[in-house]
Amino acid sequence: GGTVKSWNSFVKDSGKRETHTILGGNIEGTNYDSEGVEAISKLPSKLELIAQIAGSINAVPTKLARVVKAPGMKVARAIKLAGEEVNKE
């Protein structure tokens, strides 16, 4: 991803976009045309994927805690509102 971005930045800065283009690429024995190289360059990096997975794993206990805690919170709010209404009267 970063290599293609660097290349595009270099070509843009040097004003050679029309004459210097990416024709294709080869990754682990698989050939890609220019569109394939561009599509691969837009994929997240390995570190970004690890961060996304870690964030997702970390979010599960938080969501679970909210779900478990929610019924109790509703009851607490109802009791509080009922207490406020009694105090008004």
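On a predicted model such as this, the values are computed, not experimentally measured, just so you know.

**A short note on the overall build of the protein**
- Regarding its fold elements, the protein presents 3 helices and 2 strands.
- Tracing the protein from N to C terminus, the helices and strands come up as α-β-β-α-α.
- Dimensions along the principal axes, computed over C-alpha positions, put the protein at roughly 85 × 30 × 15 Å.
- The buried share of the protein, taken over its 89 residues, is 6%.
- Distance from the positive charge centre (13 side chains) to the negative charge centre (10 side chains) of the protein: 8 Å.

**Points about unusual backbone geometry**
- You will see that E28, though not glycine, has its phi angle at about 50°, which is positive.
- Along the polypeptide, E28 turns up in the loop between β1 (24-27) and β2 (30-33).

**So, the environment of W7**
- Structurally, W7 is set in helix α1 (residues 2-14).
- Of the residues examined, W7 reaches a relative accessible area of 30% and is grouped as partly exposed.
- For the pair W7 and A39, spaced 32 residues apart in the sequence, the C-alpha separation amounts to 15 Å.
- Once you skip the residues sitting within four places of it in the chain, W7 turns out to touch H20, T21 and I22.

**Quick word on helix α2 (residues 34-41)**
- Within the sequence span of α2, burial applies to G36, V37 and S41. One face of α2 carries all of its buried residues, which in axial projection span an arc of 135°.
- In this structure, the buried residues of α2 make contact with α1, β1 and β2.

**Some remarks on the confidence of the model for the protein**
- When the pLDDT values of the protein are averaged, the result is 80; 94% of them are 70 or greater.
- Of all the helices and strands in the protein, helix α3 (residues 46-88) carries the lowest mean pLDDT, 78, while β2 carries the highest, 90.

**A short note on α1**
- For α1, built from 13 residues, the straight-helix expectation of 18 Å at 1.5 Å per residue is met to within 8% by its first-to-last C-alpha distance of 18 Å.
- Count one or two residues on from α1 and you reach G15, which has phi positive near 75°.

**Notes on the pairing of β2**
- Of the pairings in the sheet, the one linking β1 to β2 comprises 4 bridges and is antiparallel in character. Within β2, the residue paired with G24 across the bridge is D33.

Conventions used here
- Residues numbered from 1 in each chain as written.
- Predicted model: local features only at pLDDT ≥ 70, side-chain atom pairs only at ≥ 80, totals over all residues.
- Heavy atoms only, no water.
- Helix = DSSP H or I, 4+ residues; strand = E, 2+ residues; numbered from the N terminus.
- Buried < 20%, exposed > 50% of the residue type's maximum accessible area, 1.4 Å probe, protein only.
- Lys, Arg positive; Asp, Glu negative; His and termini not counted.
- Charge placed at Lys NZ, Arg CZ, Asp CG, Glu CD.
- Contact = heavy atoms within 4.5 Å.
- Arc of directions from axis to C-beta.
- pLDDT = per-residue confidence, 0-100.
- Expected span 1.5 Å × (residues − 1).
- Pairing = 2+ DSSP bridges.

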